[in-house]
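Chain by chain, the residues:
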Amino acid sequence: MRELTYLVATSLDGCIAAPDGSFDAFPIEGDHLHVLLREYADTIPAHVQRAVGVEADRSRFDTVVMGWRTLTPALDVGIPSPYPHLRQVVATRQQRQVDASIELTSDPVATVRALKRESGSGIWLAGGGELAGALLDEVDRLVLKVNPLVLGSGIRLFGDSGYDPTAFERVAVRPFDSGVTILELVRRR
C-alpha cells in the first residue's frame, strides 16, 4: 500500500502559513535547500524546477493532494497546473474551474484511501492545515521543515482538528546551518 506523506514547512509554533495564507516568512535560501532539491525534487513546482535546473523523476511521489487554498497562490500568478509532473488532486467543497490536469474531490478521505490502494510511488500531502487535520488518520509519514521562527498565529499544521493524541516516531533529524531542521517521523502502529 502507498504512503501518504505530509511534507510541509512549519514554524516553531506549528504554523504553516500566516493568517492570510502567505508563507513568505519562511526562508527561501539556505543550506537545507540542497536536500529539498535533491531528495524531494518531486515537490518542487515545475516553473521552479526549470529555474533552478532540477528535474522531478517521480521516484518519491507521483501524486500530490492539496487543499484549494494551497493551489490558489499558483492560480493567482497565472500558473494553472503547478505540478504537471504529478497527478494533482485538489480538495474543495465547491465546483471549480481548473486545468484539465487537476482532479477535484469533495471527499478527500475516501480519495486518499483509494489512492493508497493504487500502484505507484508515494502520495504527497502538500497542505493546507485544515485538509491535513481531516486526513490525519491517513498520514503515514511526516517530513517537517521546521523553521527557526515563531509566527504567533496563522494556519496551524493540522488546522483545528481538535484534541486526539496521535503518536509518531522520529526516524531522522537533519539540522542545517540555516537554522532549518528537517524532521522525519512515521506513524506509530
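These remarks concern the structure in this document. Every value quoted in this text rests on a predicted model; they were computed, and no experiment measured them.

Let's shift gears to the pairing of strand E10 (residues 181-187). For E10, a buried count of 5 out of 7 residues is recorded, marking the element as mostly surrounded by other parts of the structure. Both strand E9 (residues 168-175) and E10 contribute to a ladder of 7 bridges, which runs antiparallel. Paired with Phe 168 across the two strands is Arg 187, which belongs to E10.

Looking now at the sheet that holds strand E5 (residues 102-105). Backbone-to-backbone hydrogen bonds pair the strands of a sheet. The strands run either parallel or antiparallel. Spatially, 8 strands are ordered E5-E4-E3-E6-E1-E7-E10-E9 in an open sheet, and the strand pairing comes out mixed. Taken across any chain shown, the strands that pair with only one partner, and hence form the sheet edges, are E5 and E9. Recorded for the sheet is a direction-independent mean angle of 20° between the axes of neighbouring strands. Bridge count for strand E1 (residues 4-10) against strand E6 (residues 122-127) is 3 bridges, and the pairing is parallel. Residue pairing for E6: Tyr 6 is matched across the bridge by Leu 125. Here helix H3 (residues 68-76) sits on the sheet and contacts strand E3 (61-67), strand E4 (87-91), E5 and E6; the angle it forms with E3, its principal contact strand, is near 100°.

Here we come to the packing of aromatic side chains. Across all of its chains, the model carries 3 aromatic pairs by this definition. Considering the side-chain rings of Tyr 83 and Trp 124, the 5.2 Å spacing of their centres and the 90° angle between planes classify their relative orientation as edge-to-face. Taken together, the residues Tyr 83 in the loop between H3 and E4 and Trp 124 in strand E6 connect sequence positions 41 residues apart. Summarising the burial analysis for this pair, Tyr 83 and Trp 124 share the class buried. Here the aromatic cluster, defined as three or more aromatic residues joined through ring pairs, consists of Phe 61, Tyr 83 and Trp 124.

The biggest cluster of nonpolar side chains holds 23 residues, and the ones touching the most others in it are Tyr 6, Val 65, Leu 125 and Leu 142. Excluding anything up to four places from it in sequence, Leu 142 contacts Tyr 6, Phe 158, Phe 168, Leu 183, Glu 184 and Leu 185. In terms of nonpolar packing, the next biggest core, distinct from the first, is built from 18 residues, Leu 86, Val 90, Trp 124 and Val 143 among them.

What follows is about the pattern of salt bridges. Scanning the model with the defined rule gives 15 salt bridges in all. As a salt-bridge pair, Arg 189 and Asp 140 come within 2.7 Å of each other at their nearest N and O atoms. Residue Arg 189 is found in the segment after E10, and its partner Asp 140 is found in the loop between helix H5 (129-134) and strand E7 (141-146); the two are separated by 49 residues along the sequence. Owing to a relative accessible area of 74%, Arg 189 belongs among the exposed residues under this scheme. For Arg 188, the salt bridge identified is with Glu 169, shortest N-O distance 3.7 Å. Residue Arg 188 is found in the segment after E10, and its partner Glu 169 is found in strand E9; the two are separated by 19 residues along the sequence.

This part covers unusual backbone geometry. Cis geometry is found at the peptide bond from Gly 127 to Gly 128, where omega equals 5°. On the secondary structure map, Gly 128 appears in the loop between E6 and H5. Unlike most non-glycine residues, Arg 58 shows phi in positive territory, near 65°. By secondary structure assignment, the location of Arg 58 is in the loop between helix H2 (46-52) and E3. We classify Arg 58 as partly exposed; its relative accessible area is 39%.

The α-helix advances 3.6 residues per turn, and as a result positions three or four apart in sequence lie on the same side. Within helix H4 (residues 108-117) the residues assigned to the buried category are Pro 108, Val 112, Leu 115 and Lys 116. For H4, the angular spread of buried residues about the axis comes to 100°, placing them on one side. On its buried face, H4 is in contact with E1, E3, E4, E5, E6 and H5.

What counts, and where the lines are drawn
- Residues numbered from 1 in each chain as written.
- Predicted model: local features only at pLDDT ≥ 70, side-chain atom pairs only at ≥ 80, totals over all residues.
- Heavy atoms only, no water.
- Buried < 20%, exposed > 50% of the residue type's maximum accessible area, 1.4 Å probe, protein only.
- Helix = DSSP H or I, 4+ residues; strand = E, 2+ residues; numbered from the N terminus.
- Pairing = 2+ DSSP bridges.
- Axes fitted to C-alpha atoms, helices over the stretch in contact; angles between N-to-C directions.
- Contact = heavy atoms within 4.5 Å.
- Phe/Tyr/Trp six-rings, centres within 6.5 Å; stacked < 30°, edge-to-face > 60°.
- Core = buried A, V, L, I, M, F, W, Y, C linked by side-chain atoms within 4.5 Å.
- Salt bridge = Lys/Arg side-chain N within 4 Å of Asp/Glu carboxyl O.
- Arc of directions from axis to C-beta.

Such coordinate-based values are descriptive only and should not be taken to indicate function.
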